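Each chain, letter by letter, is given below.
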Amino acid sequence: MVSVVILAAGRGKRMRSRTPKVLHPLLGKPLLAHGIEAALLLAPREMIVVASPIVSEAVSNWPFKGRFSTVIQNPALGTADAVLCGLSGLSSTNGTVLILPGDVPLVRSSTLKALLGYFDASQSVLTILGAEVEDPHGYGRVITTPSGEVTRIVEERDATEEEKAVGFINSGIIAVKGGALADALQMVESNNAQAEFYLTDLAAIFYERGLKVTAMRCEDPEEILGINDRYQLSEVQGRLLRRIIRAWQVEGVTFILPETVYLETEVEIGRDSVVEPGVFLRGQTRIGEACRIGSGSVIEDSVIGDGAIIKPYSVIEGSVVHGGAAIGPFAHLRPGSEIGQEVRVGNFVEVKKSKLEPGVKASHLTYIGDTTIGSGTNIGAGTITCNYDGRKKHPTTIGKDVFVGSNTALVAPVTVGDGATIAAGSVITKKVPPNTLAVGRARQQNIYRKLRRKKDK
Ligand code: UD1
Ligand code: CA
């Protein structure tokens, strides 16, 4: 049985941020949530997150908050002190304790499983997940005997030149016998360059007691990349993004210039869809099959039906676009919009909290807010629903097969019946009954008069 302790109470000074490091978003999800999710896949007996007061407050609203508890470490005196705090939250230290830093988000749960297997099979008191890397700068180095036994871990700042040349680094992820942990943590001192209590001192403490300390090499060193500053955050984000895009490519999605696309972890994309350069897909967005997402479009928390086409530079938030619809270029769907099948929403059209039934066309320069539009209706260029009177929002209801002439202002609340026609340039303030022609504008007058002549000189 494994218990998990996640360390997330550090200040993250190197981020130079008011936000604690582990709450910085990585592809739409806080850094810390990535590690928590990987660890939850192990189905641990218990999970403790060691948090600062701010982090503890933040995680209390997270979706999987019921599956772990938090213990507050304040002040943050180092990783050993953090684990000691974590132990106080565990109901039992029997079995294995898996310690994960909250800033190593790329680790796969399969690797964590492999580490636990290695730990058991080697009968170690402590097993470090390590990796051989080209640039070990900033990480703790794992020092081993020629036979591969770990004698100690030395932090970058405390390392000699010779030790700095070691390319085998500590990921910070450690499996340890719970029973031996509390006692050994008490032995850790803070006589190092940072005057902190280092968890990594446990390696030497156990080794000197004649206990077996081992290190498992992580096959893919990318998994153990830590995040201490904003450069590393962008590096890790790039790698996670490539992983996610790769997975969607395997599922049958085409990315024309994948390195320009931003895609968050929860997004789903159907096969034969094409994602053009510079697209942002955020939040709980689901793209159907055989869609085309045009260059520069930003889609957040929205559902796009099969075969829909989103033309370049469209922004879609909190909306549903049904199959076969065409949106954009340069369209804006704001939250609460539902766009029916085969609807056309064209250039410079803004739709807010409105429902457009199948076959509606609003092709140019229009604002549609708090409106329902029946199937087959055509909204002429420049039509505006005047939904706001300065204090309240009011609804507009437009029936089926209506023809709204260009540059119409529909002053809400107002209703237009099925089959009605509205003359171009109308200001509609009253109900339009079905199948009528509404003309709400000043009548054109053509006035005949004598030609003006230049005065004879
Ligand atoms: C740590 C390791 C280093 C390893 C590296 C891998 C130590 C002393 N060093 O260094 O060997 O190569 O991770 O990324 O452990 N934290 C607390 N309370 C504290 C201090 C830290 O909860 O008092 C948390 C942080 O929020 C963070 C994690 O522990 O999530 C690691 O702390 P950090 O300061 O980033 O350690 P590193 O210097 O990266
Ligand atoms: Ca770190």
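Each residue is numbered by its place in its chain's sequence as written, counting from 1. Naming scheme: in the order in which they are written, chains are lettered from A and ligands are numbered from 1. Given that this is a predicted model, residues contribute local features only at a pLDDT of at least 70 and side-chain atom pairs are listed and counted only at 80 or more, while totals for whole chains, interfaces and linings are drawn from all residues. Side-chain figures throughout are based on the complete set of non-hydrogen atoms in the structure, without hydrogens or water.

## Description of the coordination of the calcium ion (ligand 2)
Right, on to step 1. Those donors, Asp-103 (OD) and Asn-228 (OD1), are the protein atoms that reach the calcium ion (ligand 2), and they lie 2.2 to 2.4 Å from it. Of this pair, Asp-103 sits in the loop between strand 6 (96-101) and helix 4 (109-122) while Asn-228 sits in the loop between strand 11 (213-217) and helix 8 (230-250), placing them 125 residues apart in sequence. Asn-228 carries the same exposure label as Asp-103, and that label is buried. Because water is not among the atoms used, a metal site may look incomplete, as its donors are only the N, O and S atoms within 2.8 Å, or 3.2 Å for Na, K and Ca. Here a helix means four or more residues in a row that DSSP labels H or I, a strand means two or more in a row labelled E, and each is numbered from the N terminus. In this scheme, a residue with accessible area under 20% of its type's maximum is buried, one over 50% is exposed, and one in between is partly exposed, where area comes from a 1.4 Å probe on protein chains only.

## What about the domain arrangement of the chain?
Right, on to step 1. Throughout, the edges of the domains are those of an automatic or database domain assignment. As assigned here, the chain comprises domain 1 (2-224) and domain 2 (230-438).
Right, on to step 2. Averaged C-alpha coordinates put domain 1 and domain 2 at centres separated by 46 Å.
Right, on to step 3. Tallying the contact residues gives 15 residues for domain 1 and 14 residues for domain 2.
Right, on to step 4. Buried area, as used here, totals the accessible surface that two parts lose on assembly, with accessibility defined by a 1.4 Å probe and the loss added over both. For the pair domain 1 and domain 2, the summed buried area comes to about 1,400 Å², and 59% of that belongs to carbon and sulfur atoms. Contacts are assigned to residue pairs with any non-hydrogen atoms lying within 4.5 Å of each other.

## Digging into the site of ligand 1
Right, on to step 1. Think of it this way: one heavy atom of a residue within 4 Å of a molecule or strand is enough to make that residue near it. With respect to spatial proximity, 23 residues lie near ligand 1, and among them Ala-9, Gln-73, Gly-78, Glu-155 and Asn-170 are the closest.
Right, on to step 2. At 2.8 Å from an oxygen atom of ligand 1 is found a side-chain nitrogen or oxygen belonging to Thr-79.
Right, on to step 3. Expressed as a share of its isolated accessible area of 760 Å², the protein-covered part of ligand 1 is 91%.
Right, on to step 4. Counting only elements with at least two residues in the shell around ligand 1, the list comes to strand 1 (2-8), helix 3 (79-89) and strand 10 (168-177).
Right, on to step 5. Each residue receives one of three labels: charged for Asp, Glu, Lys and Arg, nonpolar for Ala, Val, Leu, Ile, Met, Phe, Trp, Tyr, Cys and Pro, and polar for the others, Gly being one of them. Residues belonging to the shell around ligand 1 are distributed by class as follows: nine nonpolar, 10 polar and four charged. In protein, a polar contact requires one atom able to donate a hydrogen and another able to accept it; more generally it is a pair of N or O atoms within 3.5 Å, and residues adjacent in sequence count only if both atoms are side-chain atoms. We get accessible surface area from the Shrake-Rupley algorithm with a probe of 1.4 Å; when it comes to residues, only the shown protein chains can shield them.

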